[in-house]
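# A structural walkthrough
Here is how the chains run, residue by residue.
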Amino acid sequence: DGLGSYYLMMRRNDYYSANGEGKFTQWFIEQEFDIEDMNDEMEPEGMHDCAYLDFDENFPLPLIPTRTESEQRAKQFEIMEYIWQKGKPPIMETTHILSTLDPALINFEVKEDELNRAKQLYKRQCPRVWDKVREEGLM
């Protein structure tokens, strides 16, 4: 389902319960909403009072600094509306996010065993590329 895929895309694995039911579905049933109301709630003009935005108080949003609560709700609505219309998550723009990151806060250190595991994985999955890289002395 679209929201489940979106959560995974945002590196979140807490969307589905142990029995495989999604957060939104669980919340929707608990609130006793009617599926007939879904189209009305997901209309752009209803964004400011859309009850569906409350299904997860920790809804994963792209990392953009200094976003107001109103902007966060607008972004969440935009994402949920896209998923409602298309049945899949939107492709997230990340270039502007990367430009706001402080490299001093990120640990770029790669351990030797992690590097060796990655090399073995590439060697297994991309043997032609691996051979060419080794042949040209790039690794």
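Criteria and cut-off values
Residues numbered from 1 in each chain as written. Predicted model: local features only at pLDDT ≥ 70, side-chain atom pairs only at ≥ 80, totals over all residues. Heavy atoms only, no water. Helix = DSSP H or I, 4+ residues; strand = E, 2+ residues; numbered from the N terminus. Buried < 20%, exposed > 50% of the residue type's maximum accessible area, 1.4 Å probe, protein only. Contact = heavy atoms within 4.5 Å. Areas by Shrake-Rupley, 256 points an atom, 1.4 Å probe, with all protein chains shown as cover. Core = buried A, V, L, I, M, F, W, Y, C linked by side-chain atoms within 4.5 Å. Patch = residues over 30% accessible without salt bridge, like charges linked within 9 Å, V, L, I, M, F, W, Y side chains within 5 Å. Salt bridge = Lys/Arg side-chain N within 4 Å of Asp/Glu carboxyl O. Lys, Arg positive; Asp, Glu negative; His and termini not counted. Charge placed at Lys NZ, Arg CZ, Asp CG, Glu CD. pLDDT = per-residue confidence, 0-100. Phe/Tyr/Trp six-rings, centres within 6.5 Å; stacked < 30°, edge-to-face > 60°. Expected span 1.5 Å × (residues − 1). Axes fitted to C-alpha atoms, helices over the stretch in contact; angles between N-to-C directions. Parallel < 35°, antiparallel > 145°, perpendicular 65-115°, else oblique. Nonpolar A, V, L, I, M, F, W, Y, C, P; charged D, E, K, R; others polar.

What follows is about the overall build of the protein. On a plain count of helices and strands, the protein comes out with 7 helices and 0 strands. Shown N-terminal to C-terminal, the secondary structure of the protein runs as helices and strands in the order α-α-α-α-α-α-α. The buried share of the protein, taken over its 139 residues, is 26%. Sequence-distant contacts in the protein: of pairs separated by 6 or more residues, those separated by 24 or more amount to 51%. With the model as given, the accessible surface of the protein reaches about 10500 Å², and the carbon-plus-sulfur share is 50%.

Take the nonpolar core next. Counting residues in each nonpolar core, the largest one holds 20 residues, and the members touching the most others are Leu3, Tyr6, Phe24, Tyr52, Phe55, Phe59 and Met80. Element by element, the count of residues in this core is highest for helix 4 (residues 69-86), at 4 residues.

Here we come to a negative patch on the surface. A surface patch of like charges, here negative, comprises Asp34, Glu36, Asp37, Asp40, Glu43 and Glu45. Within the fold, Glu36 resides in the loop between helix 2 (23-30) and helix 3 (38-41).

With that settled, consider the confidence of the model for the protein. Overall, the prediction assigns the protein a mean pLDDT of 82, with 87% of residues at 70 or greater. The least confident element of the protein is helix 5 (residues 95-98), whose mean pLDDT is 50; the most confident is helix 2, at 91.

This structure, assessed with the given rule, holds 9 salt bridges. In this structure, Arg12 and Asp14 form a salt bridge, with 2.9 Å as the shortest nitrogen-oxygen distance. Owing to a relative accessible area of 32%, Asp14 belongs among the partly exposed residues under this scheme. Across the salt bridge formed by Arg73 and Asp54, the nearest N and O atoms sit 3.2 Å from each other. Within this pair, whereas Arg73 is found in helix 4, its partner Asp54 is found in the loop between helix 3 and helix 4, the two being separated by 19 residues in sequence. Note on Arg73: relative accessible area 24%, which makes it partly exposed. Through salt bridges that share partners, Arg12, Asp14, Lys23 and Asp56 make up one connected network.

Attention shifts here to the packing of aromatic side chains. The final tally for this structure, using the stated rule, is 15 aromatic pairs. Between Tyr7 and Tyr15, the ring centres sit 4.8 Å apart and the planes meet at 45 degrees, which makes this aromatic pair tilted. One aromatic cluster is present, built from ring pairs that chain together Tyr6, Tyr7, Tyr15, Tyr16, Phe24, Trp27, Phe28, Phe33, Tyr52, Phe55 and Phe59.

Moving on to helix 4. Over its 18 residues, helix 4 runs 26 Å from end to end, which matches the ideal 26 Å to within 8%, given 1.5 Å per residue. For helix 4, the complete set of buried residues consists of Lys75, Gln76, Phe77, Ile79, Met80 and Ile83. Summarising the contacts, the buried residues of helix 4 are in contact with helix 1 (2-9), helix 2 and helix 3.

Attention shifts here to the packing of helix 1 against helix 4. Interaxial distance between helix 1 and helix 4 falls to 9 Å at its minimum, and their mutual angle equals 130 degrees. In terms of orientation, helix 1 and helix 4 fall into the oblique class. In this structure, helix 1 contributes Gly2, Leu3 and Tyr6 to the contact, and helix 4 contributes Ile79, Met80 and Ile83. Its residues assigned to classes, the contact of helix 1 with helix 4 comprises 5 nonpolar, 1 polar and no charged.

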